[in-house]
Amino acid sequence: MTRARLGRLVPPVLLVVALLAVWELYARLGSVDDFILPAPSEIARALWDDRSLLWSNLLVTAQEVGLGVIAALVLGFGLAVALHFSATLRRGTYPLLVASQAVPIVIVAPLLVVWFGFGIVPKLAIIALVCFFPVVVTTLDALGNVDPDQLKLLRTLDASRWQAFRYVEAPAALPAALSGAKIAVAVAVIGAVFAEYAGSSSGLGHLMLQAIPQLETPRAYAAVALLAAFAVALFSALALAERRLVPWAHRRTEGPRP
Amino acid sequence: MQTRLEAPAQEPRNVAQASGEIHLAGVSRAFARSGAAPVAALADVSLDVAAGETVAVVGPSGCGKTTLLELVCGLQAPDAGTVRAAPAVLMPQRDLLLPWLSAIDNAALALRVAGVGRTESRERAHPLFAAFGLEGFERTRPHELSGGMRQRVAFLRTLLSGKPVLCLDEPFGALDALTRREMQDWLAGALEREARTVLLVTHDVEEAAVLADRIVVLSPRPGRVVAEIPVDLAHPRAATDPALVALRERALEALRA
């Protein structure tokens with residue numbers, strides 16, 4: 001790692017350290033009970049003491065999130081392309097898609113559990129439900145905002161509708177689609193916790209649900225810390241994939257040459 | 001199946017197909033505006049271009065030059081009159097190179113669209129890269145090319161479509177004066193090697209005189225043909241040649257009228 005890249009890490013690290021210090025101080029001064037807000041030092045201890053418990057549950061949740069995000073991306077990209085190609089479909093289903101986002105997960109989660117049981121399927125359904133929407137909207141908008149002159153050019157080259165999609169629309173929409181995917185992974189973790197609250201026997205959400213009535217609040221917070229770290233890791237992985245997949249969208253530092 | 005073999009009823013634009021001719025007769029075109037009267041872009045334009053001829057269309061901005069090219073390319077239909085043209089390809093004002101493709105893949109786009117595989121289309125585009133002074137830049141992405149090079153790649157893409165008619169819409173409008181002059185010389189040479197019909201739209205009268213066999217002057221909107229000036233000068237032409245300067249002045253006078 002170069003000096004410049006290390007230097008870029010300084011502000012976020014300082015910010016996190018400062019926040020943790022304020023938190024620690026606030027919790028130690030005893031204005032709030034320990035089982036409501038544990039101090040960071042207690043959470044750190046829980047992270048260490050319960051490491052095997054946390055790890056095995058993290059694996060469960062990570063699998064749900066991973067598969068759920070993949071399902072959401074396939075569904076989201078597929079829907080966006082279908083809606084892009086068919087104006088009738090777009091008019092018919094877009095309002096429904098928006099409406100689907102207004103449905104509180106707590107309402108549908110029990111129904112999904114009744115239908116699909118306590119296994120991984122209802123979790124995937126809930127994660128996909130909260131994640132697919134940003135993917136559809138960003139991808140669909142980007143597909144519709146392609147430079148019309150570029151499409152005109154393809155027409156004078158006698159390109160078919162499908163070829164215009166393959167050579168122009170799809171690559172032009174890719175950066176926005178990946179932005180949608182980044183939003184999706186950030187909210188996927190919340191979806192997984194909701195899903196586990198609705199009915200499960202393992203996972204970090206399940207662990208939290210059990211830890212709080214047992215007054216093991218530090219353990220619940222430790223689970224939150226792991227979930228947050230996992231979301232950041234997923235987000236970073238996508239950002240990395242973005243640099244590889246759409247190098248043309250990352251050339252601000254170079255700029256056009258005269 | 002028998003009926004399928006009969007010649008289908010075709011639009012008149014296919015008549016001139018094989019040769020590379022363009023015939024416009026009494027063509028008018030207007031555009032609707034929201035909340036206002038339609039704008040007439042072209043009014044009663046008639047123009048005949050022989051196969052292999054290079055015709056420059058000059059006129060003030062907004063006189064329907066781009067509309068004229070889009071009519072010839074079949075991207076628009078006239079409101080009145082007839083357009084008969086061999087298959088034409090448009091080289092738009094902006095180079096419109098695709099940022100996600102390398103220079104050679106951009107140039108070979110027409111081949112890919114025609115169903116040629118990636119490797120073969122590159123092989124076919126490669127010799128032209130050398131001929132057009134782009135050798136060594138095959139794998140460069142458009143944003144790393146200079147303005148003149150981008151324009152050359154865009155022209156290559158137009159050429160590789162294999163269509164007999166090239167419609168060039170202010171191909172050098174975005175370039176600085178020096179590069180522009182270089183590119184004009186380069187295009188004159190390229191057009192001499194290629195036996196294609198060229199319809200060149202420009203607002204630069206000198207560019208028209210350097211490149212074209214004939215200059216067609218359009219009036220301000222709605223565009224109509226106000227003068228046709230033949231340019232019977234041998235290539236290569238110098239912009240300072242007194243005969244060329246005289247032609248340029250004639251065209252400018254027609255523009256002012």
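Reading guide: rules and limits
Residues numbered from 1 in each chain as written. Chains lettered and ligands numbered in written order. Predicted model: local features only at pLDDT ≥ 70, side-chain atom pairs only at ≥ 80, totals over all residues. Helix = DSSP H or I, 4+ residues; strand = E, 2+ residues; numbered from the N terminus. Rg over C-alpha atoms; globule rule 2.2 N^0.38 Å. Buried ≥ 20, exposed ≤ 12 C-beta atoms within 10 Å, placed from the backbone. Pairing = 2+ DSSP bridges. Axes fitted to C-alpha atoms, helices over the stretch in contact; angles between N-to-C directions. Contact = placed C-beta atoms within 7 Å. Nonpolar A, V, L, I, M, F, W, Y, C, P; charged D, E, K, R; others polar. Domains from an automatic or database assignment.

A. Summary view of the overall build of chain B. Check the secondary structure of chain B and you find nine helices and nine strands. Here the C-alpha atoms of chain B give a radius of gyration of 19 Å, agreeing with the 18 Å that 2.2 N^0.38 yields for 257 residues. Projected onto its principal axes, the C-alpha positions of chain B cover 65 × 50 × 40 Å. A burial count over chain B gives 44% of its 257 residues as buried.

B. Quick peek at the sheet that holds strand S1 (residues 22–33) of chain B. Residues and elements named next belong to chain B. Read from one edge of the open sheet, three strands run S2-S1-S4, paired in antiparallel fashion. Two strands lie at the open edges of the sheet, namely strand S2 (36–49) and strand S4 (80–85), each paired on one side alone. If you compare each strand with its neighbour and ignore which way they point, the axes differ by 30° on average. Where S1 meets S2, eight bridges bridge the pair, whose relative direction is antiparallel. From the neighbouring strand, arginine 29 faces S2, where its bridge partner is leucine 42.

C. Highlighting the sheet that holds strand S9 (residues 225–230) of chain B. Residues and elements named next belong to chain B. Ordered in space as S5-S6-S7-S3-S8-S9, the six strands form an open sheet in which the pairing is mixed. Each having just a single partner strand, strand S5 (88–91) and S9 make up the two edges of the open sheet. Sheet twist, expressed as the average angle between the axes of neighbouring strands with direction ignored, equals 20°. Pairing between S5 and strand S6 (residues 165–169): four bridges, direction parallel. Along S6, the bridge assignment pairs valine 89 with leucine 166.

D. Expanded view of the interface of chain B and chain A. In this complex, chain B contributes 18 residues to the contact, which on the side of chain A involves 18 residues. Residue assignment for the side of chain B that touches chain A shows that the elements contributing at least two residues are S5 and helix H4 (109–113) of chain B. For the side of chain B that touches chain A, the element with the most residues is H4 of chain B, which contributes three residues. Of the residues belonging to the side of chain B that touches chain A, the class tally is 12 nonpolar, three polar and three charged.

E. Broad picture of the environment of proline 230 of chain B. Residues and elements named next belong to chain B. Take proline 230: it is sitting in strand S9. Given 10 C-beta atoms within a 10 Å radius, proline 230 is considered exposed. On a C-alpha basis, the gap between proline 230 and alanine 37 in space is 37 Å, while along the polypeptide they are 193 residues apart.

F. Fine view of the domain arrangement of chain B. All names here are of chain B. By domain assignment, chain B separates into domain 1 (11–87 + 165–176 + 190–257) and domain 2 (96–162). Distance between the C-alpha centres of domain 1 and domain 2: 26 Å. Taken together, the six residues of domain 1 in the interface contact six residues of domain 2. Looking at the side of domain 1 that touches domain 2, its residues break down into five nonpolar, no polar and one charged.

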